[in-house]
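Observations on chain architecture
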Amino acid sequence: MSFTDALIDADHECDVVMVDRRHAPGGHWNDAYPFVRLHQPAACYGVNSRPLGSGGIDSDGLNAGLYQQADGVEVCDYFRRVMDEHHLPSGQVRFFPMANYLGIDGSDTAFVAALTGATTEVRIRRAVVDARYLEGTVPSRHAPSFRVHPDARCVPVNDLVDIDEPAAGYTVIGGGKTASDACAWLLENGVDPERIRWIRARDPWMWNRAQVQPLELVTDTIEGVSRGVEASAEAEGVDDLFARLEACGLLLRLDPAVSPTMYHGATLTVAEVELLGTIENVVRLGHVTAIGPEEIVLERGSVATERGGLYVDCSAAGLSKAPARPIFEPGRITLQCISTVFPTFNAAVIGYLEASRRDDQVAKARLSPTNRYPDAARDWIPNMRGQLESLRLWNDEPDVAAWLESSRLNIARGMLAKAAEPRMGEAITRLLTYSEAAVVNLDRLQAAP
């Protein structure tokens, strides 16, 4: 929808047929767990044409002092309103929910209604836009990769809100943002941290949310990025790089005694890290292979557990790790990450490039180098390298630079207007000073064993 929004606002003659297997706009948000919140501020999420949320800053709670995060209900309502109040009334978009398209991996150009089986042929004039290539795996639609004994109770994270009596203990399975959310939710609802066991096959680096802020707090973001660029330029090795990124506050980890091996671009606040740090029973024996009534079996050992405990499955993979492919190909557009891990922003950029460069395949390809979603900690290196490259390319194109400055999805929007302020001026100078050296050194670090 973010791609479509940017496309129809820049090209008033295009015609979009949107086919969605789900029942309503919003994609995976329709299946999200009830207490989910955006990783990033609502102020820079969604589509360009419509703000999400009130644009306020939280005054209390774990996100205090930062721009508000929308919850799942708000996000689903937002996308429904975008569809009903902008896309459909534009006359340029036709929306077909509860339908499956047949042509992505074959020669058919038709979609089938899930409820009736009716087939609708489609004539493709420009391109098929594949917005499912990086489709994530969400907990409610995820089948656990481990065996569960009939006498053990294991639920997806969505079902936590339906618990009607205390469990003997709570075991959270997963090391990513969903598991962090589940643990924080249990703690905020009064569960003693001693009753929580957290199984983390990998510890993650988390992005400090205080340095992922738009609008009035954009100086914090640019300062954080500039510190990351400086660290990238001066790091002597990979370990030294992450030590510098942690020292400047850009990255956070859950346990200062454990070196993280995962990075997905998820965000946490310092307050959330401190809350999660109260859980001391952390199991690091690899992935779960089986759950019994009194034992959890893992790749590198087993752990005795209590009868009557509740196991919370947060092990869904999340963002897809599909291999990069060209975004623009003849007759096909595959939505992927270009800059960093802001999906709706990246999709909007691709929509603008399609509208503004139209038949210039060379220009579109040059301005959209694919930057894969990170997985391992070391993936921070090519992710930052790709971000620097895309910004250089876009800033060399006056119309793209102007579009970026007008886009509400661009977290850096407004930075130049604050250039005269001391902190912002220092951050911009740091970016200009270290960016070229950072690219060279990141290439060296990426090639290192």
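Above this text sits the structure in question.
Residues numbered from 1 in each chain as written. Predicted model: local features only at pLDDT ≥ 70, side-chain atom pairs only at ≥ 80, totals over all residues. Heavy atoms only, no water.

Remarks on the packing of aromatic side chains
Aromatic ring pairs are reported here in terms of the distance separating the ring centres and the angle at which the planes meet. Scanning the model with the defined rule gives ten aromatic pairs in all. Relative to Phe111, the ring of Phe96 has its centre 4.8 Å away and its plane inclined at 45°; by these criteria the two rings are tilted. Remark: Phe111 occurs in strand β4 (residues 110-113) and Phe96 occurs in strand β2 (residues 93-96); sequence separation between them is 15 residues. Ring centres of Phe345 and Trp394 lie 6.1 Å apart, and the angle between their planes is 75°; on these two criteria the pair is classed as edge-to-face. Of the two residues, Phe345 is situated in helix α7 (residues 343-357) and Trp394 in helix α9 (residues 380-395); the sequence distance between them amounts to 49 residues. Per residue, the accessibility class of Phe345 equals that of Trp394, and both read buried. Among the aromatic residues, those joined into a ring-pair cluster are Trp29, Tyr45, Tyr78 and Phe79. The ring of Trp198 has Arg200 sitting right over it, with the charged end atom 4.3 Å from the ring centre. (Phe/Tyr/Trp six-rings, centres within 6.5 Å; stacked < 30°, edge-to-face > 60°. Helix = DSSP H or I, 4+ residues; strand = E, 2+ residues; numbered from the N terminus. Buried < 20%, exposed > 50% of the residue type's maximum accessible area, 1.4 Å probe, protein only. Lys NZ or Arg CZ within 6 Å of the ring centre and 35° of its normal.)

Some points on the sheet that holds strand β9 (residues 170-173)
Taken together, five strands build an open sheet; the order of strands is β8-β18-β9-β10-β14 and the sheet is parallel. The sheet terminates laterally at β8 (153-156) and β14 (282-283), the two strands that pair on one side only. Pairing of β8 with strand β18 (residues 310-313) involves four bridges; the strand directions are parallel. Counted as the bridge partner of Arg153 is Leu310 from β18. In the packing of helix α3 (residues 177-188) onto the sheet, contacts are made with β9 and β10 (196-199), and the angle to β10 comes to roughly 175°. (Pairing = 2+ DSSP bridges. Contact = heavy atoms within 4.5 Å. Axes fitted to C-alpha atoms, helices over the stretch in contact; angles between N-to-C directions.)

Here's the deal with the side chain of Asp130
Within the element layout of this structure, Asp130 appears in strand β6 (residues 128-130). One polar contact links the side chain of Asp130 to the main-chain amide nitrogen of Arg132, over a distance of 3.0 Å. If near-sequence neighbours (up to four positions away) are discounted, Asp130 is found in contact with Ile104, Arg332, Ile333, Thr334 and Leu335. (Polar contact = N/O pair within 3.5 Å; in protein donor to acceptor, adjacent residues only side chain to side chain.)

Observations regarding the pattern of salt bridges
Tallied over the full model, the rule gives 39 salt bridges. The partner of Arg423 in a salt bridge is Glu223, with the nearest N and O atoms 2.8 Å apart. Taken together, the residues Arg423 in helix α11 (residues 422-447) and Glu223 in helix α4 (residues 218-234) connect sequence positions 200 residues apart. Among the residues examined, Arg423 registers a relative accessible area of 38% and is labelled partly exposed. Put simply, Lys364 and Glu354 hold a salt bridge, and the shortest N to O gap is 2.7 Å. (Salt bridge = Lys/Arg side-chain N within 4 Å of Asp/Glu carboxyl O.)

Digging into α3
Between its first and last C-alpha atoms α3 spans 16 Å; for twelve residues at 1.5 Å apiece the expected length is 16 Å, and the two agree. Across the twelve residues of α3, ten count as buried, placing the element largely inside the fold. Within α3, the full set of buried residues consists of Lys177, Thr178, Ala179, Ser180, Asp181, Ala182, Cys183, Ala184, Leu186 and Leu187. In the core, the buried residues of α3 are packed alongside β9, β10, β11 (204-208), β13 (262-268) and α6 (270-276). Gly190, located one to two residues past α3, shows a positive phi value of around 95°. (Expected span 1.5 Å × (residues − 1).)

Quick look at the side chain of Glu354
Assignment of secondary structure puts Glu354 in helix α7. A polar atom in the side chain of Glu354 sits 3.1 Å from the side chain of Arg126. Once residues within four sequence positions are removed from consideration, Glu354 is found in contact with Phe3, Leu7, Arg126, Phe328, Ile333 and Lys364.

A short note on the nonpolar core
Trp380 and Trp394 are the most contacted members of the largest nonpolar core, which has 69 residues in total. Among the elements that line this core, the one with the most residues is α7, at eight residues. With 42 residues, the next largest nonpolar core counts Val82, Ala167, Leu187 and Leu252 among its residues. (Core = buried A, V, L, I, M, F, W, Y, C linked by side-chain atoms within 4.5 Å.)

A few points about the packing of helix α1 (residues 2-10) against helix α2 (residues 72-87)
Where α1 meets α2, the closest approach of the two axes is 12 Å, and the angle between their N-to-C directions is 15°. In terms of orientation, α1 lies roughly parallel with respect to α2. Between α1 and α2 lies a crossing whose hand is left-handed. Contacts between α1 and α2 involve Thr4, Asp5, Ile8 and Asp9 on the former and, on the latter, Val82, His86 and His87. Per-class residue counts for the contact of α1 with α2 are two nonpolar, three polar and two charged. (Parallel < 35°, antiparallel > 145°, perpendicular 65-115°, else oblique. Left-handed = near helix turned anticlockwise from the far one by under 90°. Nonpolar A, V, L, I, M, F, W, Y, C, P; charged D, E, K, R; others polar.)

Some words on the sheet that holds strand β5 (residues 119-121)
Two orientations exist for strands paired in a sheet by backbone hydrogen bonds: parallel and antiparallel. Taken in spatial order, the three strands line up as β3-β4-β5 in an open sheet, and their pairing is antiparallel. Lying at the two open borders of the sheet, with one neighbouring strand each, are β3 (99-101) and β5. When the angles between neighbouring strand axes are averaged without regard to direction, this sheet yields 25°. Of the pairings in the sheet, the one linking β3 to β4 comprises three bridges and is antiparallel in character. Each bridged residue has a counterpart across the sheet, and for Tyr101 the counterpart in β4 is Phe111.

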